[in-house]
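Structural features, examined
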Amino acid sequence: PPPPGGGAGSRPVDTGPMIDPAVPHTAAAYDAASGAVSASVPFHVVRNWTPLTEVADPMGDDTGPTGAYQYPTDASWGANRQLDLRKVTVSGAGGAMKIDVQTNQVTSTWNPQNGFDHVAFTIFVQVPGRAGGATVMPQQNASVPGGMAWHYRIRAHGWSNALFSAAGASATQEGTAAAPAPAISVDRATQTVSFILTDSALGKPASLAGAKVYVTTWDYDGGYRGLNPQVQAYAFGGGDGATSPLVMDDVRVSLP
């Protein structure tokens with residue numbers, strides 16, 4: 001409402017959850033005394049993302065931790081090498097985080113609803129200044145590296161987009177479902193898939209300074225795609241899916 005005597009007034013609006021500039025929002029004034037409501041005013045929120053750090057990754061190192069992993073032999077992988085990470089850029093806007101993941105090639109052969117296929121991104125985020133967290137990488141036969149303890153985990157492929165907290169995470173359990181899931185966008189011109197986490201999704205951190213992000217690639221088909229000693233048309237080769245890490249390529253990012 002306006003101040004006593006009329007005139008202009010203002011109230012703060014939490015735009016933290018408003019991360020997609022294409023989504024329209026509306027605002028209206030309400031007078032509690034009379035019950036009158038003003039006409040709605042439309043607005044959009046365009047965030048000013050500040051790049052915080054960028055890590056390049058070599059071409060052709062998408063061969064797993066042993067260097068012996070092979071892509072499935074089906075031609076839809078082939079020379080596309082969709083799991084080969086090339087660069088990860090992390091940007092911030094207040095407590096919100098944007099993770100741009102550039103790969104060798106983004107494909108959509110199977111008409112995926114998220115705009116990319118033949119790769120699943122599993123991304124772990126350690127929130128600065130927060131205790132607890134987990135080190136296990138659920139269902140990937142591995143742990144996060146470098147003394148990291150993750151608080152949130154993204155698992156996304158062409159048909160799913162899920163966010164988990166570390167509560168209850170184990171080698172077999174993904175953790176506790178969290179919301180909102182990240183917004184996903186795809187830039188085919190730069191072979192980049194972007195993930196945006198709102199500040200509320202990260203528990204409203206005061207700052208992203210000192211955060212850690214760990215990005216891994218594999219693929220997903222009702223679960224992480226199989227890994228066998230001998231490569232198959234739709235299964236990776238060069239390891240044992242029950243014990244070998246299900247990680248084709250990875251990038252570690254530490255924010256200053």
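The text that follows walks through the structure, step by step, so that each part is easy to find. (Residues numbered from 1 in each chain as written. Predicted model: local features only at pLDDT ≥ 70, side-chain atom pairs only at ≥ 80, totals over all residues. Heavy atoms only, no water.)

**Focus: the packing of aromatic side chains**
Aromatic ring pairs: the centre-centre distance and the angle between the two ring planes describe each pair. Heads up, the rule is: Aromatic pairing here means that ring centres of Phe, Tyr or Trp (its six-membered ring) are within 6.5 Å. Orientation follows from the plane angle: under 30 degrees is stacked, over 60 is edge-to-face, and everything else is tilted.
Evaluation of the coordinates by the stated rule reveals eleven aromatic pairs. Taken together, the aromatic side chains of Tyr69, Tyr71, Trp218 and Phe236 make up a single cluster linked through ring pairs.

**Section: the pairing of strand 17 (residues 249–254)**
Convention followed: In this scheme, a residue with accessible area under 20% of its type's maximum is buried, one over 50% is exposed, and one in between is partly exposed, where area comes from a 1.4 Å probe on protein chains only. Put simply, DSSP marks the helices as runs of H or I at least four residues long and the strands as runs of E at least two long, and each gets a number from the N terminus on. Strand pairing is defined by DSSP finding a minimum of two bridges between the two strands.
The two faces of strand 17 differ: Asp249, Val251 and Val253 on one face are buried, but Asp250, Arg252 and Ser254 on the other face are not. Here strand 14 (residues 212–218) runs beside strand 17; their pairing, made up of six bridges, is antiparallel. Paired with Val215 across the two strands is Val251, which belongs to strand 17.

**A word on the nonpolar core**
We count it as follows: In this text, buried Ala, Val, Leu, Ile, Met, Phe, Trp, Tyr and Cys residues form a nonpolar core when linked through side-chain atoms within 4.5 Å. Any pair of residues with heavy atoms lying within 4.5 Å of one another is described as a contacting pair.
Judged by nonpolar contacts, the single largest core of 41 residues is most densely connected at Met97, Phe121, Ile123 and Val213. Looking at this core, the elements with two or more residues in it are strand 4 (85–93), strand 5 (96–103), strand 6 (120–126), strand 9 (152–157), strand 13 (192–197), strand 14 and strand 17. Of all the elements, strand 6 adds the most residues to this core, at four residues. With residues near it in sequence (within four places) discarded, Ile123 still touches Ile99, Val101, Tyr152, Arg153, Ile154, Phe195, Val213, Tyr214 and Val215. With eleven residues, the next largest nonpolar core counts Met137, Val144, Met148 and Tyr214 among its residues.

**Re the sheet that holds strand 4**
Cut-off, in case you're wondering: Axes, fitted as lines to C-alpha atoms, cover a helix only where it is in contact. Angles between the N-to-C directions of the axes lie from 0 to 180 degrees.
An order of 3-4-5-13-12 is seen for the five strands of this open sheet, with the pairing classed as antiparallel. Looking at strand neighbours, the two that pair on one side only are strand 3 (50–56) and strand 12 (183–187), the edges of this open sheet. Strand-to-strand, the axes of this sheet are offset by a mean angle of 15 degrees, without reference to chain direction. Here strand 12 pairs with strand 13 via five bridges, running antiparallel. When the bridges of strand 13 are listed, Ile184 appears paired with Phe195.

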